[in-house]
Amino acid sequence: MLPKQRKIAIMGYRSVGKSSLSIQFVEGQFVDTYDPTIENTFVKTTKIKNQEYDLKLVDTAGQDEYSILPIQYSMDIHGYVLVYSITSPKSFKIIQIIYDKLLDMAGKVHVPVVLVGNKKDLDMDRVVTQMEGQKLADSWKSVFFESSAKQNECIADIFHTMLMEIEKANGNTVVQEYNKCSIL
């Protein structure tokens, strides 16, 4: 069976950990130094249920409420990992704006999305509750995770679930495998 080619965009406000999530998934390491991303692409092959996937992760520059989403973020992208920081109410507000812009750009009612509240390791600085994140994901009919790129918590699950959501959107019947990382 040939590997399926999938392209996933990781989007969110600046400094929420988009690059950290990507690097942790692809290279298995946490990068402590922050260098603002212009745009990066990471490549990884992964396997789910006997199916190989050649993944391209597009690590986007941080967006804000005024950013115009480049048209390339709607072309050839199969799914979106939308990330906010549990320590930043602004990043939570921005992620909702990004989602609305994605729907407008894609001209669809639904796009495959996984919502991620990152920086779970900073729980003592939390300002966005799990319940708020779950409520938002439910309104989008999306899967929700809280993660820690620093502690490699739930990282693989985010991307594997994203692949399952893409398969589902493509009409392929897949058995959804949620585990301890997803918040139901």
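Criteria and thresholds
Residues numbered from 1 in each chain as written. Predicted model: local features only at pLDDT ≥ 70, side-chain atom pairs only at ≥ 80, totals over all residues. Heavy atoms only, no water. Axes fitted to C-alpha atoms, helices over the stretch in contact; angles between N-to-C directions. Helix = DSSP H or I, 4+ residues; strand = E, 2+ residues; numbered from the N terminus. Parallel < 35°, antiparallel > 145°, perpendicular 65-115°, else oblique. Contact = heavy atoms within 4.5 Å. Nonpolar A, V, L, I, M, F, W, Y, C, P; charged D, E, K, R; others polar. Salt bridge = Lys/Arg side-chain N within 4 Å of Asp/Glu carboxyl O. Buried < 20%, exposed > 50% of the residue type's maximum accessible area, 1.4 Å probe, protein only.

A. View of the packing of helix α2 (residues 89-106) against helix α3 (residues 130-140). Look at α2 against α3: their axes get within 12 Å of each other, and the N-to-C directions meet at 5°. Judged by the inter-axis angle, α2 sits roughly parallel to α3. Seen from α2, the contacting residues are F92, I95, Q96 and Y99; seen from α3, they are E132, G133, L136 and W140. In the contact of α2 with α3, the residues fall into five nonpolar, two polar and one charged.

B. Summary view of the pattern of salt bridges. Summed over the entire model, instances satisfying the criterion amount to six salt bridges. Taking the shortest distance from any N to any O, the salt bridge between E167 and R6 comes out at 3.3 Å. Linking E167 in helix α4 (residues 155-169) with R6 in strand β1 (residues 4-12), this pair joins segments that are 161 residues apart in sequence. Among the ionic pairs, K120 bridges to E153, the shortest N-O distance being 3.1 Å. Of this pair, K120 sits in the loop between β5 (113-118) and α3 while E153 sits in the loop between β6 (143-146) and α4, and the two are 33 residues apart along the sequence. Accessibility expressed as a relative area gives 26% for E153, which makes it partly exposed. Through salt bridges that share partners, K4, R6 and E167 make up one connected network.

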